[in-house]
Amino acid sequence: RVLTVRDAMREAVAATADGDVALVFGTEMSGLSNDELARCGIAAAIPASAEYASLNLAAAVQVAAYEARIAAG
């Protein structure tokens, strides 16, 4: 499943009630391989401008961490 990062973090935070949750980030050059992505329960998409269609790794981690904190209340 592919969800927005906001929805994915809501589900991730809720899933911590059942056990550990891992946030997995790929490399800046190539992201995650298809095999790595297939092992993930949810893929989170961060909406971006068409002019800047991707974020560097640090920015993506910051956005995910922010959304996780907001979801955790």
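Residues numbered from 1 in each chain as written. Predicted model: local features only at pLDDT ≥ 70, side-chain atom pairs only at ≥ 80, totals over all residues. Heavy atoms only, no water.

## Focus on the environment of Ala 45
Under the convention used in this document: The helix and strand labels rest on DSSP assignments: H or I over at least four residues marks a helix, E over at least two residues marks a strand, and numbering proceeds from the N terminus. In this description, contact between two residues means that some pair of their heavy atoms is separated by no more than 4.5 Å.
Mapping Ala 45 onto the fold places it in strand β2 (residues 43–45). In this structure, the C-alpha to C-alpha distance between Ala 45 and Ala 65, residues 20 residues apart in sequence, is 14 Å. Once you skip the residues sitting within four places of it in the chain, Ala 45 turns out to touch Val 2, Leu 3, Thr 4 and Val 5.

## Comments concerning the pattern of salt bridges
The cut-off we apply is this: Take a side-chain nitrogen of Lys or Arg and a carboxyl oxygen of Asp or Glu: if they are within 4 Å of each other, that pair is a salt bridge. Relative accessibility under 20% of the residue-type maximum defines a buried residue, over 50% an exposed one, and the middle range a partly exposed one, all with a 1.4 Å probe and only protein chains included.
All chains considered together, the criterion is met by 3 salt bridges. Salt-bridge contacts for Glu 11 lead to Arg 1; the nearest nitrogen and oxygen are separated by 2.5 Å. Of this pair, Glu 11 sits in helix α1 (residues 5–15) while Arg 1 is found in the segment before β1 (2–4), placing the two residues 10 residues apart along the sequence. Classification of Arg 1 as exposed rests on a relative accessible area of 57%.

## Quick notes on the nonpolar core
The condition is simple: As used here, the term nonpolar core means buried Ala, Val, Leu, Ile, Met, Phe, Trp, Tyr and Cys residues forming a set that is joined through side-chain atoms within 4.5 Å.
Leu 3, Val 5, Ala 8, Met 9, Ala 64 and Ala 68 form the largest nonpolar core, which has 6 residues in total. Among the elements that make up this core, the one with the highest residue count is α1 (3 residues). If we ignore the near neighbours within four places in the chain, the residues touching Val 5 are Ala 44, Ala 45, Ile 46, Val 63, Ala 64 and Glu 67.

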